[in-house]
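Architecture at a glance
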Amino acid sequence: MHRHPHKPQEIIDAIVDCLSYDRRALSACALTSRAFLPASRQHLFKGVVVDGSCRPFDEFLLFLQDAPHLRHLVHDLYLTARPAMTFAFTVYGSPGASL
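Let me begin by describing the structure that accompanies this report. (Residues numbered from 1 in each chain as written. Predicted model: local features only at pLDDT ≥ 70, side-chain atom pairs only at ≥ 80, totals over all residues. Heavy atoms only, no water.)

Here we come to the packing of aromatic side chains. Counted according to the given criterion, the structure contains 2 aromatic pairs. When the ring of Phe-60 is compared with that of Phe-63, the centres are 6.5 Å apart and the planes differ by 25°; the resulting orientation is stacked. Here Phe-63 and Phe-60 lie together in helix 4 (residues 54-66), a separation of 3 residues that amounts to about one turn. (Phe/Tyr/Trp six-rings, centres within 6.5 Å; stacked < 30°, edge-to-face > 60°. Helix = DSSP H or I, 4+ residues; strand = E, 2+ residues; numbered from the N terminus.)

In structure tokens:
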């Protein structure tokens, strides 16, 4: 079995922070190893854009109900109603707060 040397978590977090605006790279990091997952999730869920029509919004709410450990990561929620109109909401509360 091939073992990889341990990398300090601070180095891993710094690498992920450098990729904070590249969703594709963050998704790849989240799948790389457990060490990359928390920092990747933090950036991936910080700002979420949801089509404001009923079905996608309802699906997002169901997703958060099924994954309550991710709720506290959503800081900004953007609901798009029409291409020219966007609403922004900032989500406050504890990780257990219901949306």
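A word on the nonpolar core. In this structure, Val-16, Phe-45, Val-48, Val-50, Phe-60, Val-74 and Leu-77 are the most contacted members of the largest nonpolar core, which totals 18 residues. Setting aside its immediate chain neighbours within four residues, Val-48 contacts Phe-60, Val-74, Asp-76, Leu-77 and Tyr-78. (Core = buried A, V, L, I, M, F, W, Y, C linked by side-chain atoms within 4.5 Å. Buried < 20%, exposed > 50% of the residue type's maximum accessible area, 1.4 Å probe, protein only. Contact = heavy atoms within 4.5 Å.)

Contact pair helix 1 (residues 9-18) / helix 3 (residues 37-44): the axes reach a minimum separation of 9 Å and the direction vectors enclose 25°. In terms of axis orientation, helix 1 runs roughly parallel to helix 3. Crossing hand, helix 1 versus helix 3: right-handed. From helix 1, Asp-13, Val-16 and Asp-17 reach across to helix 3, where they touch Ala-39, Ser-40 and His-43. The class makeup of the residues in the contact of helix 1 with helix 3 is 2 nonpolar, 2 polar and 2 charged. (Axes fitted to C-alpha atoms, helices over the stretch in contact; angles between N-to-C directions. Parallel < 35°, antiparallel > 145°, perpendicular 65-115°, else oblique. Left-handed = near helix turned anticlockwise from the far one by under 90°. Nonpolar A, V, L, I, M, F, W, Y, C, P; charged D, E, K, R; others polar.)

Before going further, it helps to spend a moment on helix 2 (residues 23-32). Looking only at helix 2, the buried set comprises Ala-25, Leu-26, Cys-29 and Ala-30. Down the axis of helix 2, the sector holding all buried residues measures 145°, keeping them to one side. Facing away from the buried side of helix 2 by over 90 degrees, the exposed positions are Arg-24 and Leu-31. On its buried face, helix 2 is in contact with helix 1 and helix 3. (Arc of directions from axis to C-beta.)

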